[in-house]
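Coordinate inspection notes
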Amino acid sequence: MSFLAQALSRVKPSATIAVTQKARDLKAQGREVVSLSVGEPDFDTPEHIRHAAKLAIDRGETRYTPVLGIPELREAVAKKFQRENGLAYKSSDWLRYAVELPFLCIQKWKMGSSFSLRL
């Protein structure tokens, strides 16, 4: 067995994906399941979001974003929290990050404070 094959044989399946599959299997059996495994909503993506995504693809926005996130998105998040929640943040207070698992999250980030991401 090659080195790569040996290394890959030691890789364990993702527990998150396994739980998601279990929920799908139970639903297929007619069981009522509320799966909280991967944060996937139980509704289709709204039309206005699908439309915006299609326009972004047509504009060529198909590459990875900057490490700290799209500046306009960071500014929009700050404005949203001011407008809807009365919270005054600057766009530089936010770090938007995507990870390889199937979710996208926005995390408040301040220099000097710690934060963690639990998978």
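Sequence positions are assigned chain by chain, starting from 1 and proceeding in written order. For this predicted model, a pLDDT threshold of at least 70 governs which residues receive local features, and a threshold of 80 or more governs which side-chain atom pairs are given and counted, while totals over whole chains, interfaces and linings are taken from all residues. Excluding hydrogens and water, the side-chain values take into account all heavy atoms of the structure.

Together, F3, L4, L8 and V11 give the surface a local cluster of nonpolar side chains, amounting to about 480 Å² of exposed area. A run of H or I in DSSP counts as a helix once it spans at least four residues, and a run of E counts as a strand once it spans at least two, with each numbered from the N terminus. Looking at the secondary structure, you find V11 in the loop between α1 (3-9) and α2 (15-28). On the basis of relative accessible area, V11 is assigned to the exposed category, the value being 56%. Every patch collects residues that have over 30% relative accessible area and no salt bridge, joining them within 9 Å if they carry like charges and within 5 Å if they are nonpolar side chains (Val, Leu, Ile, Met, Phe, Trp, Tyr). Only the protein chains shown count as cover for residues, and the accessible areas themselves come from Shrake-Rupley with a 1.4 Å probe. Note on definitions: salt bridges are taken to be side-chain nitrogens of Lys or Arg within 4 Å of carboxyl oxygens of Asp or Glu. The buried label applies to any residue whose accessible area, calculated with a 1.4 Å probe on protein chains only, is under 20% of its type's maximum; exposed applies above 50%, and partly exposed to all values in between.

Attention shifts here to helix α4 (residues 71-85). For a helix, the expected span equals 1.5 Å multiplied by the residue count minus one. Between its first and last C-alpha atoms α4 spans 21 Å; for 15 residues at 1.5 Å apiece the expected length is 21 Å, and the two agree. Every buried residue of α4 is accounted for by R74, V77 and A78. On an axial view of α4, the arc spanned by its buried residues comes to 95°, and they lie on one face. Pointing more than 90 degrees away from the buried face of α4 are the exposed residues E72, R83 and E84. Picture the helix axis, draw a direction to every C-beta atom, and the arc is the one those directions span.

Now for the pattern of salt bridges. Across all of its chains, the model carries four salt bridges by this definition. Ionic contacts of the salt-bridge type, sharing partners, join the residues K80, R83 and E84 into one network.

So, about the side chain of T20. The residue T20 is located in helix α2 in this model. Accessibility expressed as a relative area gives 8% for T20, which makes it buried. For the purposes of these results, a polar contact is taken to be a pair of N or O atoms within 3.5 Å, where, inside protein, one atom must be able to donate a hydrogen and its partner to accept one; residues adjacent in sequence count only when each atom of the pair is a side-chain atom. Of note is the side chain of T20, whose polar atom sits 2.9 Å from the backbone oxygen of T16. The contact definition used throughout considers only heavy atoms, calling two residues in contact when any of these lie within 4.5 Å. Beyond its immediate chain neighbours, meaning those up to four positions away, T20 contacts S37 and V38.

Now for the confidence of the model for the chain. The predictor rates its confidence in each residue with pLDDT, a number between 0 and 100. Looking at the chain as a whole, the pLDDT averages 76, with 78% of positions reaching at least 70. The least confident element of the chain is strand β2 (residues 104-108), whose mean pLDDT is 38; the most confident is helix α3 (residues 47-58), at 92. Below pLDDT 50 for its whole length, residues 98-119 participates in 30 contacts with residues either more than four positions away or in separate chains.

Before going further, it helps to examine the packing of aromatic side chains. The rule is short: rings of Phe, Tyr and Trp, with Trp giving its six-membered ring, pair when the centres are within 6.5 Å, and they are stacked under 30 degrees, edge-to-face over 60, tilted in between. Across all of its chains, the model carries one aromatic pair by this definition. Two limits define a charge over a ring: the Lys NZ or Arg CZ must be within 6 Å of the ring centre, and within 35 degrees of the ring normal. Taking the ring centre of F81 as reference, the NZ or CZ of K80 above it sits at 4.5 Å.

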